Amino acid sequence: QQTPDYERLSKDNQNSISDLIQILGLDQHREVQAIPAYFNHDAAPRVPSGASDTGWFIETREIAKLMQASSAFSYILGRKGTGKTRIYREMHLRNNGVPLLSAADYLFGGLRAQSIAAQSMLGQAHNFEQFWWRLVELALESTVSVTGQNLSEIVPNNNLVTPQFEPGRIYFIAKSLKEPITLLIDGVETAVGSRDTRSFVEALFRVLSTIQNDASINEKIQFKLFIRPDLSVGIQNVEQQIAGRKLELRWDEASIFNYMLAEIGRNQWFN
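Definitions and cut-offs
Residues numbered from 1 in each chain as written. Predicted model: local features only at pLDDT ≥ 70, side-chain atom pairs only at ≥ 80, totals over all residues. Heavy atoms only, no water. Salt bridge = Lys/Arg side-chain N within 4 Å of Asp/Glu carboxyl O. Helix = DSSP H or I, 4+ residues; strand = E, 2+ residues; numbered from the N terminus. Buried < 20%, exposed > 50% of the residue type's maximum accessible area, 1.4 Å probe, protein only. Core = buried A, V, L, I, M, F, W, Y, C linked by side-chain atoms within 4.5 Å. Axes fitted to C-alpha atoms, helices over the stretch in contact; angles between N-to-C directions. Parallel < 35°, antiparallel > 145°, perpendicular 65-115°, else oblique. Left-handed = near helix turned anticlockwise from the far one by under 90°. Contact = heavy atoms within 4.5 Å. Nonpolar A, V, L, I, M, F, W, Y, C, P; charged D, E, K, R; others polar. Phe/Tyr/Trp six-rings, centres within 6.5 Å; stacked < 30°, edge-to-face > 60°. Patch = residues over 30% accessible without salt bridge, like charges linked within 9 Å, V, L, I, M, F, W, Y side chains within 5 Å. Areas by Shrake-Rupley, 256 points an atom, 1.4 Å probe, with all protein chains shown as cover.

*Asks:* Mind showing me how you'd approach the pattern of salt bridges here?
*Replies:* Side-chain pairing between opposite charges can occur once the charged atoms of the two side chains come close. Applying the stated criterion across every chain yields a total of ten salt bridges. Between E137 and R134 there is a salt bridge, with the nearest N and O atoms lying 2.9 Å from each other. Of this pair, E137 and R134 both sit in helix α5 (residues 128-144), three residues apart, which is roughly one turn of that helix. A residue is classified by how much of its surface remains accessible, and E137, at 2% relative accessible area, is buried. Here R198 ties to E202 by a salt bridge, and the two come within 3.3 Å at their closest N and O atoms. Within this pair, R198 and its partner E202 are both found in helix α8 (residues 197-213), separated by four residues, close to a single helical turn. Under the relative-accessibility criterion, E202 is labelled partly exposed at 22%.

Printed below as a string of structure tokens:
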């Protein structure tokens, strides 16, 4: 009996199939991103950033839902120290997303905040909204490219922002994607100076609003934004934009205890 064309199935059915594939472990032969193994059983110094932490990844119920292909969470809100960058790295490691903007010390993909390439691109953009659209375009181009380059390799070698840049090119590139893509966004807090942070975040939210509300592209482009909750305060209609799509990270008693259990095995004195 012939099976139906996957591309012609409804989005809900596609998401259900993806969840079953992940639950049954049928995705273990997928091509994995070239991120080196990071867990170290030996005692290791603690680091402030999740970009280079060497301990176990603590997966709470909420984070487990976030990792599912059918997850509706697009805005991951958390104060400093709640593990946003660590989750970002784990999603990349599991092939659940493609880095768009990454923290300054994240070395495995995306345009790194505060890097020379990022500053150059910001300097060439006429405004922050153009910067974000161009970055999305470059990420999509790198996905369909046969070279497999990531943004950290593409940006320094390209005409970053053309004078007549048209966001409409996103439509054309999105249609050429064989599978939907999820863009991972982190490092927003440190990408620009404090004076420009509000305008930078507002431009990002406008771009994300367009992506999530435009049926022509949201079937192929999804996103996960990791950001401090206070940065979205005051943005027009932000509550409506993130309603039903936000996950608030917090350390509760169970997650703290699990973290202690995971770390105690790496403690040299305890061993």
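Alright, that's what it looks like, and here's the rest.
*Asks:* Teacher, can you tell me more about the nonpolar core here?
*Replies:* One recurring pattern in soluble globular proteins is that nonpolar side chains are buried together. Among the nonpolar cores identified, the biggest contains 46 residues, and F131, W132, I185, V188, F205, I221 and L225 are the most heavily contacted of them. Membership of the second largest hydrophobic core comes to 16 residues, among which are F57, L66, Y106 and L184.

*Asks:* In this structure, what is going on with the packing of helix α4 (residues 116-124) against α5? I would like to understand it.
*Replies:* A packed helix pair is summarised by two numbers, namely the angle formed by the two axes and the spacing between the axes. In contact at an axis separation of 9 Å, α4 and α5 are set at 125 degrees when each is read in the N-to-C sense. Taken together, α4 and α5 sit at an angle that is classed as oblique. Crossing handedness for the pair α4 and α5: right-handed. Here α4 contributes A118, M121 and L122 to the contact with α5, which in turn contributes F128, F131, R134, L135 and L138. By residue class, the composition of the contact of α4 with α5 is seven nonpolar, no polar and one charged.

*Asks:* I'm lost on unusual backbone geometry in this one. Help?
*Replies:* Trans is the common state for peptide bonds, and a negative phi is the common state for residues other than glycine. For N95, which is not a glycine, the phi torsion comes out positive at approximately 60 degrees. Note on placement: N95 falls in the loop between α3 (84-93) and β2 (98-102). Backbone geometry places N237, a non-glycine residue, at a positive phi of 60 degrees. Tracing the backbone through its elements, the reader meets N237 in the loop between β5 (221-227) and α10 (238-242).

*Asks:* It is not clear to me how the packing of aromatic side chains should be interpreted in this structure. Could you clarify?
*Replies:* Two aromatic rings, taken as a pair, are described by how far apart their centres are and by the angle between their planes. For the coordinates displayed, the defined rule picks out ten aromatic pairs. On the basis of an interplanar angle of 80 degrees and a centroid distance of 5.4 Å, the ring pair of Y75 and F223 is categorised as edge-to-face. On the criterion of sequence distance, the pair formed by Y75 in strand β1 (residues 75-77) and F223 in strand β5 is long-range, its members being 148 residues apart. Per residue, the accessibility class of Y75 equals that of F223, and both read buried.

*Asks:* Before we go on, may I ask you to explain a nonpolar patch on the surface in this structure?
*Replies:* A grouping of W251, I256, F257, Y259, M260 and L261 is seen on the molecular surface, where their side chains present a nonpolar patch of about 600 Å² in accessible area. Counting through the fold element by element, M260 comes out in helix α11 (residues 253-264).

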